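Listed below are the residues making up each chain.
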Amino acid sequence: MNIVVAGYDKMLAALISGAKLKGHNILGVFRIDRVKYSKFTLFFKDIFAPSVDYSFIKSHNLYDIKAKSVNSKEFINEIKHLNPDVILVGSWSEKFGAEILNIPKYGIINCHPSLLPNHRGANPYFWAIYSGDKKTGITFHQMDENFDSGDILMQASFDIPNDITGGALKNKASKVAELMTGELLDDLENNRIIPAAQDNSKAIYDKYPYDGIDIVDFTETAQKTCDKIRGLKPWCYCSCVLKIPAGERVYRIKSAKIPENIPCDLENIPSGTVIHSSPEQHLYTVKCSDFAVEIKVF
């Protein structure tokens, strides 16, 4: 099949690699840099500080589509000229309008790293971990004029390890997406796909980021607190305020775990109380709503 790919970072690379692995023809790539930067800025950035996406595209000798938006006349005219069978999208912040959606023979297909309709929206890696999900996955779905709401074409799930970070989960999801991409295109070409409508009554649309996303106040459970801290890595480190003998201090949290043993009765201790500290090791054990967490700070 002849395809165009739009996206950025690991998911863009996964879609390109997965398609090429099965022998499909990539007519062009539209990278997020084109949306983020002006032509003038991007000209110099590509020379002196090229993005990973730009370097990847050039390393595969792929056509770098020049436009400012997926809904711009430049992009629409380019797609009409290239005439792809399908456009694959991996990590994109714009809504696609009706005009561009209806150009390719098989429409536009988005690769979303969650088990839709669960965790629609940005950064489902964080939300899967923070929500305590045991499984997540990859969903290829037909795009419509809303975010992550189109018919499901292919879906696969995998376990979420207890200690995985958001960044590591993204890496895992990208590898799964790469393996699925060629199969999706083959099935699409051979008319082996039956679209399945999403159950909108079960849809969860997550906002990311939100105010206070990186603040830990220890009012949640110990597990929820740990999940938040690791789920946000590597995009940001959480901050907290600890009351220590020298007074209140703000710390950034490097890591967190639930200790096996606590050297005191926690029943009447308020959340946020430091119950054990090793300042020389930058370790503090802090009471949460149900138990405690040991955090490493810097």
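As shown above, the structure is provided for reference.
Here's what I pulled together on the structure shown here. Fair warning: this is a prediction, and the values are worked out from it, not measured in the lab. Throughout, residues of each chain are indexed from 1 in the direction in which the sequence is written. Two thresholds apply to this predicted model, a pLDDT of at least 70 for residue-level local features and 80 or more for giving and counting side-chain atom pairs, whereas whole-chain, interface and lining totals are computed over all residues. The basis for every side-chain value is the complete set of heavy atoms in the structure, and neither hydrogens nor water enter the calculation.

1. Digging into a nonpolar patch on the surface
The line we're drawing: For patch building, the residue pool is restricted to those with more than 30% relative accessible area and no salt bridge; the joining distance is 9 Å between like charges and 5 Å between nonpolar side chains (Val, Leu, Ile, Met, Phe, Trp, Tyr). In short, Shrake-Rupley with a 1.4 Å probe defines the accessible areas, and a residue's cover is counted only from the protein chains shown. Whenever a carboxyl oxygen of Asp or Glu lies within 4 Å of a side-chain nitrogen of Lys or Arg, that contact is scored as a salt bridge. Strands are runs of DSSP state E lasting at least two residues, helices are runs of H or I lasting at least four, and both sets are numbered from the N terminus onward.
A surface patch of nonpolar side chains, about 600 Å² in accessible area, is lined by Phe-40, Phe-43, Phe-44, Ile-47 and Phe-48. Considering the arrangement of structural elements, one finds Phe-43 in helix 3 (residues 39-48).

2. Re unusual backbone geometry
Keep this limit in mind: Between buried and exposed lies partly exposed: a residue is buried under 20% and exposed over 50% of the maximum accessible area for its type, with that area taken using a 1.4 Å probe on protein chains only.
Residues Leu-116 and Pro-117 are joined by a peptide bond in cis, for which omega reads 15 degrees. Examined against the element boundaries, Pro-117 turns out to sit in the loop between strand 4 (108-112) and strand 5 (120-121). Of note in the backbone geometry, Asn-61 takes a positive phi value of approximately 55 degrees without being a glycine. Inspection of the secondary structure assignment puts Asn-61 in the loop between helix 4 (52-59) and helix 5 (73-82). The class of Asn-61 is exposed, set by a relative accessible area of 72%. One non-glycine residue, Asn-83, lies in positive phi territory at about 55 degrees. You can see Asn-83 is positioned in the loop between helix 5 and strand 3 (86-90).

3. Regarding the pattern of salt bridges
In the structure shown here, the tally under the stated rule is eleven salt bridges. Close ionic contact of Lys-170 with Asp-9 constitutes a salt bridge, the shortest N to O distance being 2.4 Å. Residue Lys-170 is located in helix 8 (residues 166-189), and its partner Asp-9 is located in helix 1 (residues 9-21); the two are separated by 161 residues in the primary sequence. Given the relative accessible area of 12%, Lys-170 is considered buried. Judged by relative accessible area, Asp-9 falls into the partly exposed class, the value being 28%. As a salt-bridge pair, Arg-34 and Asp-64 come within 2.7 Å of each other at their nearest N and O atoms.

4. So, the sheet that holds strand 9 (residues 239-244)
Under the convention used in this document: By the convention used here, strands pair only if DSSP detects at least 2 bridges between them. Angles run from 0 to 180 degrees between N-to-C directions of axes, and those axes are lines fitted to C-alpha atoms, restricted for helices to the stretch in contact.
What the five strands build is an open sheet, ordered 9-10-13-12-11; its pairing is antiparallel. Of all strands in the sheet, those bounded by a partner on one side alone are strand 9 and strand 11 (274-278). Between one strand axis and the next, the sheet turns by 45 degrees as a mean value, whatever way the strands run. Sheet topology places strand 9 next to strand 10 (residues 247-257); six bridges connect them, and they run antiparallel. Counterpart to Ile-244 in the pairing with strand 10 is Gly-247.

5. Describing the nonpolar core
Our working definition: The nonpolar core is taken to be a set of buried Ala, Val, Leu, Ile, Met, Phe, Trp, Tyr and Cys residues, with the residues joined through side-chain atoms within 4.5 Å. Whether two residues are in contact is decided by their heavy atoms, any of which lying within 4.5 Å being enough.
Ile-3 and Phe-140 are the most contacted members of the largest nonpolar core, which has 35 residues in total. For Phe-140, the residues in contact, after removing those within four places along its chain, are Leu-15, Ile-109, Asn-110, Cys-111, Asp-151, Ile-152, Leu-153, Met-154, Ala-177, Met-180, Thr-181 and Leu-184. Of all hydrophobic cores here, the second largest spans 22 residues; its members include Trp-127, Ile-244, Tyr-251 and Cys-288.

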